Amino acid sequence: MKPSLPAPRPASDGPTTPAAQLRAHAAALQAHAERLRASADAIEWTGPEAAAFHHQVEQLAHRCTIAADALAHPATLLDAP
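Since the model is a prediction, treat every value here as computed from it, not as a measurement. (Residues numbered from 1 in each chain as written. Predicted model: local features only at pLDDT ≥ 70, side-chain atom pairs only at ≥ 80, totals over all residues. Heavy atoms only, no water.)

S.K.: How should I be thinking about the overall build of the chain in this particular structure?
M.R.: On a plain count of helices and strands, the chain comes out with two helices and zero strands. Every one of the 81 residues in the chain was classed for burial, and the buried ones make up 15%. Entry remark: accessible area of the chain is about 6,200 Å², with carbon and sulfur atoms responsible for 62%. (Helix = DSSP H or I, 4+ residues; strand = E, 2+ residues; numbered from the N terminus. Buried < 20%, exposed > 50% of the residue type's maximum accessible area, 1.4 Å probe, protein only. Areas by Shrake-Rupley, 256 points an atom, 1.4 Å probe, with all protein chains shown as cover.)

Laid out in structure tokens, this is it:
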């Protein structure tokens, strides 16, 4: 069973509109992608296994970035008059 991640919690004065909530989720996913890349870059491990690991982490970070973009786009549509 995969553990589920809780949704980002807005500050008490945080986003309340649907568009703002989508942006908050997008920002959390983008930050997660950046943390994944930074953590993988910090590992001083070499060899074929290391290259495969870095590739998998980059793929996961890329998926987070794609998901962040996918959430940000509808947020802009919700803001349109």
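S.K.: Sorry if this is basic, but what is going on with the environment of Q56 here?
M.R.: Here Q56 lies in helix α2 (residues 48-79). In this structure, the C-alpha to C-alpha distance between Q56 and A40, residues 16 residues apart in sequence, is 9.8 Å.

S.K.: So what exactly am I meant to see when it comes to the pattern of salt bridges here?
M.R.: Pairing is possible between side chains that carry opposite charge, provided their charged atoms lie close to one another. In the structure shown here, the tally under the stated rule is two salt bridges. Measuring nitrogen to oxygen at the nearest pair gives 2.1 Å for the salt bridge that ties R23 to D79. Of this pair, R23 sits in helix α1 (residues 18-42) while D79 sits in helix α2, and the two are 56 residues apart along the sequence. The partner of E58 in a salt bridge is R37, with the nearest N and O atoms 3.0 Å apart. Linking E58 in helix α2 with R37 in helix α1, this pair joins segments that are 21 residues apart in sequence. (Salt bridge = Lys/Arg side-chain N within 4 Å of Asp/Glu carboxyl O.)

S.K.: Mind showing me how you'd approach the nonpolar core here?
M.R.: The nonpolar side chains of soluble globular proteins are, as a tendency, buried together. Counting six residues, the largest nonpolar core consists of A33, L36, A40, V57, A61 and C64. Discounting chain neighbours no more than four positions away, the residues touching A33 are A61, C64 and T65. (Core = buried A, V, L, I, M, F, W, Y, C linked by side-chain atoms within 4.5 Å. Contact = heavy atoms within 4.5 Å.)

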